[in-house]
Amino acid sequence: MTGVPASAAGGSSGARNAKSVPGAVAVPGAMGATGAVGPSVAPGAFGAAVVSGVSEPLVDSLDSGDQEGGKAVRGGKLGAAAVNQASLWNIANILTMIRLLLVPGFVALMLAEGGYDPAWRSFAWAAFAVAMITDIFDGHLARTYDLVTDFGKIADPIADKAIMGSALICLSALGDLPWWVTGVVLGRELGITLLRFVVIRYGVIPASRGGKLKTLTQGVAVGMYVLVLTGPLATLRFWVMAAAVVLTVVTGLDYVRQAIVLRRQGITDREAASMEAER
């Protein structure tokens, strides 16, 4: 009984597969489907990768981390990580740096002509307002366009403390604001900043919504004190500052709670990793 040789059958099958599978290329001399030597097919992305003339869609799929034999392509993961990592020199971080540079200019304007000239105080208020506005925009841009970086998480609150601290100290030195208010606000701000650095080994505590509300209320209150106001506006700024002090204390306690939770979680994770490594 005359039959078709196995090698011929394998070759015919391979040729048919080469025509039916998009992107597949026949490789002469490769092992056929039946194990005999003959024309065979390298189907899918793997065949396109090893044969010259790779189609662009398959190159793109490999670059994006396609899988081969159940294992993700290592280069795809590394490429995705590099793309997702926000650059240090992004617009959000640049705004934060501008806010830091505004601090010495604000102090100079605030203390010009003895610190009591309404015109110079108005210029100082303008510099302070620009700093507060950049604080709003840098956070919004970072969250909206995925520009959050560890530098931004740390530098942003430092910039806030610098402009706010310089304003409070200038106001208290000029006799416009009681020193105890400056002490409470700066004590909380410096304490939380130090706390961030202490727990940074376990993670970074991002600025919360309560912290942003506190910063906004402080900004409005201090801005009203920077301006030379009289009458009802002078009374209003007192109550706005009182609300700012309350928010300062409440959010400070909340950050302490977050730091404790973060530290405990970090210690637990390290112990679990150590026990896993010993097995």
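Residues numbered from 1 in each chain as written. Predicted model: local features only at pLDDT ≥ 70, side-chain atom pairs only at ≥ 80, totals over all residues. Heavy atoms only, no water.

- As recorded in an unreviewed UniProt entry, the protein goes by the name CDP-diacylglycerol--glycerol-3-phosphate 3-phosphatidyltransferase, listed as coming from Streptomyces sp. SID12501.
- Under the heading Catalytic activity (unreviewed entry), UniProt records this for the protein: "a CDP-1,2-diacyl-sn-glycerol + sn-glycerol 3-phosphate = a 1,2-diacyl-sn-glycero-3-phospho-(1'-sn-glycero-3'-phosphate) + CMP + H(+)".
- Annotation of the protein in UniProt includes, under Sequence similarities (unreviewed entry), the sentence "Belongs to the CDP-alcohol phosphatidyltransferase class-I family." (UniProt positions renumbered as here; feature names shortened; annotations may be inferred.)

1. Quick look at the UniProt feature "transmembrane region" (unreviewed entry) in the protein
Here's step 1: Look at the UniProt record and you will see "transmembrane region" (unreviewed entry) annotated at residues 91-111, 123-141, 162-180 and 239-256.
Here's step 2: End C-alpha to end C-alpha, residues 91-111 measures 31 Å, and it is 95% helix and 0% strand.
Here's step 3: The span residues 123-141 carries 100% helix and 0% strand; its end-to-end C-alpha distance comes to 27 Å. (Helix = DSSP H or I, 4+ residues; strand = E, 2+ residues; numbered from the N terminus.)

2. Thoughts on the packing of helix 6 (residues 118-144) against helix 9 (residues 209-226)
Here's step 1: The geometry of helix 6 relative to helix 9 is characterised by a closest axis approach of 9 Å and an angle of 170° between their N-to-C directions. Relative to helix 9, helix 6 is oriented roughly antiparallel. For helix 6 against helix 9, the interelement crossing comes out left-handed. Within the contact between the two elements, helix 6 uses R121, A124, W125, F128, M132, D135 and R143 and helix 9 uses K212, T215, G219, V222, G223, Y225 and V226.
Here's step 2: Here the contact of helix 6 with helix 9 is built from residues that sort into seven nonpolar, three polar and four charged. (Axes fitted to C-alpha atoms, helices over the stretch in contact; angles between N-to-C directions. Parallel < 35°, antiparallel > 145°, perpendicular 65-115°, else oblique. Left-handed = near helix turned anticlockwise from the far one by under 90°. Contact = heavy atoms within 4.5 Å. Nonpolar A, V, L, I, M, F, W, Y, C, P; charged D, E, K, R; others polar.)

3. Quick look at the packing of helix 7 (residues 150-173) against helix 9
Here's step 1: Direction vectors running N to C along helix 7 and helix 9 enclose 30°, while the axes themselves pass 11 Å from each other. Here helix 7 lies roughly parallel to helix 9, going by the angle between them. Read as a crossing pair, helix 7 and helix 9 show a hand that is left-handed. When helix 7 is examined against helix 9, the residues D156, D160, M164, A167, L168 and L171 are found in contact with a partner set consisting of K212, T215, Q218, G219, V222, Y225 and V226.
Here's step 2: For the contact of helix 7 with helix 9, a count of residues per class yields seven nonpolar, three polar and three charged.

4. Here's the deal with the packing of aromatic side chains
Here's step 1: Scanning the entire structure with this criterion turns up three aromatic pairs.
Here's step 2: When the ring of F106 is compared with that of F128, the centres are 5.7 Å apart and the planes differ by 45°; the resulting orientation is tilted. Taken together, the positions of F106 in helix 5 (residues 91-110) and F128 in helix 6 put the pair 22 residues apart, joining distant regions of the chain. For the residue pair F106 and F128, the accessibility class agrees, reading buried in each case.
Here's step 3: When the ring of F238 is compared with that of W239, the centres are 5.2 Å apart and the planes differ by 80°; the resulting orientation is edge-to-face.
Here's step 4: F238 sits in the partly exposed class, given a relative accessible area of 46%.
Here's step 5: Of the residues examined, W239 reaches a relative accessible area of 57% and is grouped as exposed.
Here's step 6: Across from the ring centre of Y255, 5.0 Å away, lies the NZ or CZ of R196, which sits over that ring. (Phe/Tyr/Trp six-rings, centres within 6.5 Å; stacked < 30°, edge-to-face > 60°. Buried < 20%, exposed > 50% of the residue type's maximum accessible area, 1.4 Å probe, protein only. Lys NZ or Arg CZ within 6 Å of the ring centre and 35° of its normal.)

5. A few points about the pattern of salt bridges
Here's step 1: A full pass over the atoms with the stated rule returns five salt bridges.
Here's step 2: Linking K161 and E189 is a salt bridge whose minimum nitrogen-to-oxygen distance equals 3.5 Å. Of the two residues, K161 sits in helix 7 while E189 sits in helix 8 (residues 179-198), which places them 28 residues apart along the sequence. Exposure class is identical for K161 and E189. Each is buried.
Here's step 3: A single salt-bridge network, built from bridges that share partners, covers K161, R188, E189 and K214. (Salt bridge = Lys/Arg side-chain N within 4 Å of Asp/Glu carboxyl O.)

6. Structural notes on unusual backbone geometry
Here's step 1: Residue E113 is not a glycine yet carries a positive backbone phi of 55°.
Here's step 2: Its location among the elements puts E113 in the loop between helix 5 and helix 6.
Here's step 3: Classification of E113 by relative accessible area gives exposed; the value is 62%.

7. Regarding the environment of L213
Here's step 1: Assignment of secondary structure puts L213 in helix 9.
Here's step 2: On the basis of relative accessibility, which here comes to 45%, the residue L213 falls in the partly exposed class.
Here's step 3: Separated by 34 residues in sequence, L213 and L247 place their C-alpha atoms 8.0 Å apart.

8. Some words on a nonpolar patch on the surface
Here's step 1: On the surface, a cluster of nonpolar side chains totalling about 550 Å² of accessible area is made up of L88, W89, I91, I94, I98 and F151.
Here's step 2: Considering each element in turn, the nonpolar patch owes the most residues, three residues, to helix 5.
Here's step 3: Here W89 lies in the loop between helix 4 (74-84) and helix 5. (Patch = residues over 30% accessible without salt bridge, like charges linked within 9 Å, V, L, I, M, F, W, Y side chains within 5 Å. Areas by Shrake-Rupley, 256 points an atom, 1.4 Å probe, with all protein chains shown as cover.)

9. Observations regarding the confidence of the model for the protein
Low pLDDT means the predicted coordinates in that region are not meant to be read closely.
Here's step 1: In the predicted model, the protein carries a mean pLDDT of 73, and 69% of its residues have values of at least 70.
Here's step 2: Confidence drops under pLDDT 50 across residues 1-84; counting only partners more than four residues distant or on other chains, this segment forms 65 contacts. (pLDDT = per-residue confidence, 0-100.)

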